Amino acid sequence: MSTHKEPNKKGIFHFVSYMIVGVFLLLLLTAASITFGAAEMSLKLAWGAIFQFDPNITEHQIIHTLRFPRTVADIIVGCSLAVCGAIMQGTTRNPLADSGLIGISSGSTFAIALCMAFLPGRTYGETMLYSCLGAAITTGITYYIASIGKRGMTPQRLVLAGMSISMLFGAFSTFIAIKYEIGQALDYWSAGGTASAKWGELAFIAPLFVVGLICAIVLSPSITILSFGEDVASGLGIRANRIKLFSTLIVLILTGLSVIVVGPVGFVGLIVPHIMRHLVGTDYRYIIPASALYGAVFLLAADLLGRLINRPHETPLGIIFALVGVPYFLYLVRKQRREFS
């Protein structure tokens, strides 16, 4: 009995330790995100703007209307994308799974391009709905294409199908942008960033984010079992198809709200869960909360870096993530090839 309990205690200790470190990093980066930018302010001034807001002080207005909602948006989107990646990697048993790589974000982007072209007077809720519908369509197409054939869906086929769908719907979005002269607006949005985040928009997506995160944590024990294979899950009484359906709905909602806030940035859901799996183990009861926390840390750090490296100009998040994510993706691909060779 002792040999069985010891690894669990060790895993819990590692999980709690990394979560404490993550909370410290989150608080540190939150303070830095509110303090630093095109105009640098003291931490005392930033603290006062949050807890003793004075509308007559210009710096308080900047922090309250621009920097603070931007920081909250970074936290929500970072959590959402990392949790989506963790869920997809667990349910598909594919360490390369990510909402950007398997075509989900491209569907949301195409839907928003259509909204820009044909529904200029749309509400934020309608944009969110269309974004999720676009994500659902491309997800369905990707899974269908990856499942065709005698071998069925494999991790490699899923990534290849997803990348093909991403390219296809990316081309569709470009065509819409050129045809209806929305290229500048779409390019600005596609570059990625939370600079335009507003309190009203965050108030709309926050309940969906909280519900999605709670559902992901509730499903995490079943995702852990499913990550060992559908045969194992069926033997333990887990209904694999039902878990996959609920997991996919969570991914669509969290991806949809992330895309309308920050644009189609990629690699957060690829990198963060993969690192967390090495740090806290293979139990998704640990991976999903840890991914949520460190996804927020990762996005805050990237956004802060984008603001500081070329100040007073900003570097889009898409560029920051590409510089970090592409080498990491190539490393994972090479690692996968070594494992299967």
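This text goes with the structure placed above it.
Residues numbered from 1 in each chain as written. Predicted model: local features only at pLDDT ≥ 70, side-chain atom pairs only at ≥ 80, totals over all residues. Heavy atoms only, no water.

Caption draft 1: Structural context of the overall build of the chain. Across its full length, the chain holds 13 helices and 0 strands. The order of α-helices and β-strands along the chain, N terminus first, is α-α-α-α-α-α-α-α-α-α-α-α-α. Over its C-alpha trace the chain gives a radius of gyration of 20 Å, about what one expects of a compact globule, namely 20 Å for 341 residues. With 341 residues in all, the chain has 49% of them scored as buried. Restricting to contacts in the chain with at least 6 residues of sequence separation, those with at least 24 account for 76%. Accessible area for the chain stands at about 16800 Å²; split by element, carbon and sulfur atoms hold 68% of it. Positive and negative charge centroids in the chain, built from 24 and 16 side chains respectively, lie 12 Å apart. (Helix = DSSP H or I, 4+ residues; strand = E, 2+ residues; numbered from the N terminus. Rg over C-alpha atoms; globule rule 2.2 N^0.38 Å. Buried < 20%, exposed > 50% of the residue type's maximum accessible area, 1.4 Å probe, protein only. Contact = heavy atoms within 4.5 Å. Areas by Shrake-Rupley, 256 points an atom, 1.4 Å probe, with all protein chains shown as cover. Lys, Arg positive; Asp, Glu negative; His and termini not counted. Charge placed at Lys NZ, Arg CZ, Asp CG, Glu CD.)

Caption draft 2: Spotlight on the side chain of Thr 138. By the element assignment, Thr 138 lies in helix α5 (residues 124-147). Side-chain polar atoms of Thr 138 contact the backbone oxygen of Gly 103, separated by 2.9 Å. Once residues lying within four places of it in the same chain are set aside, the contact partners of Thr 138 are Gly 103, Ile 104, Ser 106, Gly 107, Ile 165 and Phe 169. (Polar contact = N/O pair within 3.5 Å; in protein donor to acceptor, adjacent residues only side chain to side chain.)

Caption draft 3: A look at the packing of helix α3 (residues 58-92) against helix α12 (residues 284-308). Two elements in contact, α3 and α12, have axes whose closest approach is 7 Å; the angle formed by their N-to-C orientations is 135°. With respect to each other, α3 and α12 are oriented oblique. The way α3 lies across α12 gives a crossing that is right-handed. Looking at the contact of α3 with α12, its residues break down into 14 nonpolar, 6 polar and 4 charged. (Axes fitted to C-alpha atoms, helices over the stretch in contact; angles between N-to-C directions. Parallel < 35°, antiparallel > 145°, perpendicular 65-115°, else oblique. Left-handed = near helix turned anticlockwise from the far one by under 90°. Nonpolar A, V, L, I, M, F, W, Y, C, P; charged D, E, K, R; others polar.)

Caption draft 4: Geometry of the side chain of Ser 258. Of note, Ser 258 is situated in helix α10 (residues 240-262). Classification of Ser 258 by relative accessible area gives buried; the value is 1%. Residue contacts for Ser 258: discarding those within four places in its chain leaves Val 77, Ser 80, Leu 81 and Gly 263.

Caption draft 5: Structural view of the layout of surface pockets. Of the volumes computed, that of the largest pocket is approximately 550 Å³. As for the largest pocket, its lining consists of 28 residues, of which Tyr 188, Trp 189, Gly 193, Ser 196 and Val 261 are closest to the centre. Listing elements by their share of the lining of the largest pocket, those giving two or more residues are α4 (104-118), α5, α7 (183-190), α10 and α12. Of the residues assigned to the lining of the largest pocket, the class counts are 13 nonpolar, 8 polar and 7 charged. (1 Å grid on protein atoms, 1.4 Å probe; cavity = no way out; pocket = protein on both sides within 12 Å on 5 of 7 lines; lining within 4 Å. Points joined across faces, edges and corners; volume = space filled by probe spheres on them.)

Caption draft 6: View of the pattern of salt bridges. Throughout the structure, instances matching the rule amount to 4 salt bridges. Arg 70 is the salt-bridge partner of Asp 303, the closest N and O atoms lying 2.9 Å from each other. One end of the pair, Asp 303, is in helix α12; the other, Arg 70, is in helix α3, with 233 residues separating them in the sequence. Its relative accessible area of 7% is what places Arg 70 among the buried residues. With its nearest N and O atoms 3.6 Å apart, the salt bridge here joins Asp 303 to Arg 307. Pair noted here: Asp 303 and Arg 307 are both in helix α12, with a separation of 4 residues, about one helical turn. Comparing Asp 303 with Arg 307, the two get one shared label, buried. The network of salt bridges with common partners includes Arg 70, Asp 303, Arg 307 and Glu 314. (Salt bridge = Lys/Arg side-chain N within 4 Å of Asp/Glu carboxyl O.)

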